[in-house]
Amino acid sequence: MGLTVDVLQDLELHDLQAAARAALQETNAIALIELLEMLWSCDVKGKGANAVIDAVLQRLQQLRALR
């Protein structure tokens, strides 16, 4: 849940780069999926949320390729 809290705080501070960077550096696929669920369930809108969602999906693809 730490990733989710960190990313939501970054979004609140409008630090989109930090939020996306945190997602791209995460190595735990479950944490990434939890973040996606939180972003969608909270209906977080805006360019920032879309950028983070894109980063999460990209990272999940990278992790899948490493398997």
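Quick caveat, the model's predicted, so the values are computed rather than measured.

1. Points about the overall build of the protein
Stage number 1. In terms of regular secondary structure, the protein is built from 4 helices and 0 strands.
Stage number 2. For the protein, the sequential pattern of α-helices and β-strands runs α-α-α-α.
Stage number 3. When the 67 residues of the protein are sorted by exposure, 34% land in the buried category.
Stage number 4. Across the protein, every contact between residues at least 6 apart in sequence was considered, and the portion connecting residues at least 24 apart equals 69%.

2. Considering the packing of helix 1 (residues 2-12) against helix 2 (residues 16-25)
Stage number 1. Relative orientation of the contacting elements helix 1 and helix 2 amounts to 160 degrees, with a least axis distance of 7 Å. With respect to helix 2, the axis of helix 1 lies roughly antiparallel. In the crossing of helix 1 with helix 2, the sense of the turn from one axis to the other is left-handed. Contacts between helix 1 and helix 2 involve L3, V7, D10 and L11 from the first element and L16, A18, A19, A22 and A23 from the second.

3. Focus on the packing of helix 1 against helix 3 (residues 29-41)
Stage number 1. At a minimum axis separation of 9 Å, helix 1 and helix 3 run at an interaxial angle of 45 degrees. Of the possible angle classes, the one that applies to helix 1 and helix 3 is oblique. Relative to helix 3, helix 1 is oriented so that their crossing is right-handed. Residues L3, T4, V7, L8 and L11 of helix 1 pack against A31, L32, E34, L35, M38 and L39 of helix 3.

4. Structural notes on the side chain of E26
Stage number 1. For E26, the location among the structural elements is in the loop between helix 2 and helix 3.
Stage number 2. Buried and unpaired, E26 has no salt bridge, with R59 as the nearest side chain of opposite charge at 7.7 Å.
Stage number 3. At 3.0 Å, the side chain of E26 forms a polar contact with the backbone nitrogen of N28.

Cut-offs applied
- Sequence positions are assigned chain by chain, starting from 1 and proceeding in written order.
- Residues qualify for local features only when their pLDDT is at least 70, as the model is predicted, and side-chain atom pairs are given and counted only at 80 or more; totals for whole chains, interfaces and linings, by contrast, use all residues.
- As a rule here, side-chain values cover all heavy atoms of the structure and leave hydrogens and water aside.
- Helix and strand labels come from DSSP, where a helix needs a run of H or I of at least four residues and a strand needs a run of E of at least two; each type is numbered from the N terminus.
- Partly exposed residues are those whose accessible area sits between 20% and 50% of the maximum for their type, while under 20% is buried and over 50% is exposed, using a 1.4 Å probe and protein chains only.
- Throughout, a contact is declared for two residues whenever any of their heavy atoms are within 4.5 Å.
- Helix axes use the C-alpha atoms of the stretch in contact, all axes being lines fitted to C-alpha atoms, and the angles between their N-to-C directions lie in the range 0 to 180 degrees.
- Orientation is classified from the angle alone, with under 35 degrees giving roughly parallel, over 145 giving roughly antiparallel, 65 to 115 giving roughly perpendicular, and any other angle giving oblique.
- Crossing handedness is defined as follows: a turn of the near helix away from the far one that is anticlockwise and smaller than a right angle gives a left-handed crossing, while the clockwise case is right-handed.
- Counted as positive: Lys and Arg. Counted as negative: Asp and Glu, with His and the chain ends omitted from the count.
- Salt bridges are defined as contacts in which a side-chain nitrogen from Lys or Arg sits within 4 Å of a carboxyl oxygen from Asp or Glu.
- By the criterion applied in these results, polar contacts are pairs of N or O atoms within 3.5 Å in which, for protein atoms, one can donate a hydrogen and the other can accept it, and in which residues neighboring in sequence qualify only through two side-chain atoms.

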